[in-house]
Amino acid sequence: MSERQGGRPDRRRPRTRIAAATIAAVTGFGLAACGSGGESGVPTINLYYPPEQNLEKVIDTCNAEAQGRYQIAYRVLPREADEQRVQMVRRLAAEDTGMDVLGLDVTWTQEFAGAEWIREWTGENKAEAERGTLEGPLRTARYEDKLYAAPKNTNVQLLWYRTDLVPEPPKTWDEMIEMAQQLKSQGQPHQVLTMGAQYEGLVVLFNTLVESAGGRILSEDGEQVALGDEAVRALELLQWFATAGVTSPSFSNAIEDPTRLEFQSGNGAFQINWPYVYPALQEGAPELAEKVKWARYPGVEEGTPSKVTIGGINMAVSAYSPHPEEAFEAAACIRNAENQKFSAINSGVPPTIESVYADPEMAEAYPMKDTILEELKEPAVRPLTPAYQNISTVTSALLSPPSAIDPQQTVKELREAVQDAIDSKGVLP
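Now for a look at the structure at hand. (Residues numbered from 1 in each chain as written. Predicted model: local features only at pLDDT ≥ 70, side-chain atom pairs only at ≥ 80, totals over all residues. Heavy atoms only, no water.)

1. Notes on the packing of aromatic side chains
We apply this condition: What counts as a ring pair is set by centres within 6.5 Å for rings of Phe, Tyr and Trp (its six-membered ring), and what kind of pair is set by the plane angle: stacked under 30 degrees, edge-to-face over 60, tilted for all other angles. Only protein chains enter the area calculation, which uses a 1.4 Å probe; residues under 20% of their type maximum are buried, those over 50% are exposed, and those in between are partly exposed. Under the scheme used here, helices are H or I runs from DSSP no shorter than 4 residues and strands are E runs no shorter than 2 residues, and both carry numbers assigned from the N terminus.
In total, this model carries 9 aromatic pairs according to the counting rule given. Ring geometry for Trp108 versus Phe112: centroids 6.4 Å apart, planes at 15 degrees, classification stacked. For the residue pair Trp108 and Phe112, the accessibility class agrees, reading buried in each case. Ring centres of Tyr278 and Trp294 lie 5.9 Å apart, and the angle between their planes is 85 degrees; this geometry places the pair in the edge-to-face category. Residue Tyr278 is found in helix H10 (residues 277–284), and its partner Trp294 is found in strand E10 (residues 292–295); the two are separated by 16 residues along the sequence.

This is the structure we're talking about:
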């Protein structure tokens, strides 16, 4: 599971148990055997995409609409984001023609475009990809002012809180920590549960705090470090949070699903996590679910709304696809408004097309949709640079464990390490 993609443990539709999709074991170079020629000369469009429940039904719909012009074949990538990336990087570096449409984590589009592994979206394809799509997700799909992918789904974290413990949600991190300390003094469940392990989730937390404080990690052009006073404020807050006695003992090792399970067991008063926790809570702890509501992610300063880091998946077309015209058509179909609605309702992935949120069918499966949309209209985006993988690696290392952060010293080390990551101009293997 990866919070870059919005966290993707098995999702379940509220009040409906959905069996996990059967996933073939598909790893390594053995996939090169999957050619692009189908039966009777019909092109096979190989879609390399992370595991998503019910995506096969979307593909069936698109295959029917293609009326025999092509046949999409779902090649399921590994569940872990790093393994997905390694598989695609190795095959694209070898100019593998067996890959057509790629489901890219939002942090990879610039890297793949910079390496010339994916094709630019132009003309009507570009117009269709941009039509009605939220600007935040579109920013993650651009490189050097050109569109290299079409956002399929997005994601933002929300604040989940116990209404039996706090009547109103906190507006800021300071307020949330103080509420948790008060609950602790009363001997009640009090923990603020979120992800603090040395991985991408910690980078997401830091990026959200920096942007919510009014700063950013990189300059607009992605070539210079921009960590200023806002980053120091974010580091001060992160260090205080880690040492204020309100986190789980496992905070410095916590990733998404263990965080969800700990809250679900009743240990937390607050949880900051992705929206998939809602259907999981409905099924796994229905009595607790009745006491849990959601709110916008807490801000850093009073009166200033948070800017929350978005995740999600972008649809790209391989530069080595022998069927680019059909590949663009297939990608556009998979991420069109009707199919985004289906995936949101049945697979729990938030849409990137704004009009979908207003659809009446979204109300039951996505009662938190208005809060999600509110955050998506003012999002934080991780640094848009081909060097992001390097930046994430060095940032998570310097932030871990959060309790050991020295704000002034840590920001100095971050400035140096992040600039070195930018200047290396390397693509990690």
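2. Things to note about a negative patch on the surface
To keep things clear, this is the line we draw: In this analysis, a patch consists of residues with relative accessible area above 30% that form no salt bridge, clustered at 9 Å for like charges and at 5 Å for the nonpolar side chains Val, Leu, Ile, Met, Phe, Trp and Tyr. Computed with the Shrake-Rupley method and a 1.4 Å probe, the accessible areas treat only the protein chains shown as cover for residues. Think of a salt bridge as a Lys or Arg side-chain nitrogen and an Asp or Glu carboxyl oxygen that are within 4 Å of each other. Only four residue types enter the charge count: Lys and Arg as positive, Asp and Glu as negative, with His and the chain ends excluded. Lys charges are placed at NZ, Arg charges at CZ, Asp charges at CG and Glu charges at CD.
Judged by side-chain charge, Asp406, Glu413, Glu416, Asp420 and Asp423 come together as a negatively charged surface patch. Tracing the sequence through the fold places Asp423 in helix H17 (residues 407–424).

3. Thoughts on the sheet that holds E10
Note the cut-off: Two strands form a pair only when DSSP identifies at least two bridges running between them. Only the contacting stretch of a helix is used when fitting its axis, a line to C-alpha atoms as for every element, and angles between N-to-C directions run 0 to 180 degrees. Note on contacts: a residue pair qualifies if any of its non-hydrogen atoms lie within 4.5 Å across the two residues.
The sheet built from 4 strands is open, its strands ordered E8-E9-E7-E10 with mixed pairing. Looking along the sheet, the strands with just one partner apiece sit at the ends: strand E8 (191–193) and E10. Across the sheet, the mean angle from the axis of one strand to that of its neighbour is 20 degrees, orientation sign disregarded. Two strands pair when backbone bridges link them, and strand E7 (residues 158–162) and strand E9 (residues 268–273) are joined in this way by 4 bridges, in the antiparallel orientation. From the neighbouring strand, Tyr161 faces E9, where its bridge partner is Phe270. In the packing of helix H6 (residues 173–185) onto the sheet, the strands contacted are E7, E8 and E9, and the crossing angle to E9 comes to about 150 degrees. Against the sheet, helix H9 (residues 256–264) engages E7, E8, E9 and E10, with an angle of about 155 degrees to E9.

4. Digging into the pattern of salt bridges
In total, this model carries 23 salt bridges according to the counting rule given. The residue Glu52 makes a salt bridge to Lys152 at a minimum N-O spacing of 3.1 Å. Remark: Lys152 occurs in strand E6 (residues 150–155) and Glu52 occurs in the loop between strand E1 (44–49) and helix H1 (55–66); sequence separation between them is 100 residues. Exposure remark for Glu52: the relative accessible area of 8% places this residue in the buried category. For Lys152, a relative accessible area of 2% puts it in the buried group. The network of salt bridges with shared partners includes Lys126, Glu130, Glu135 and Arg142.

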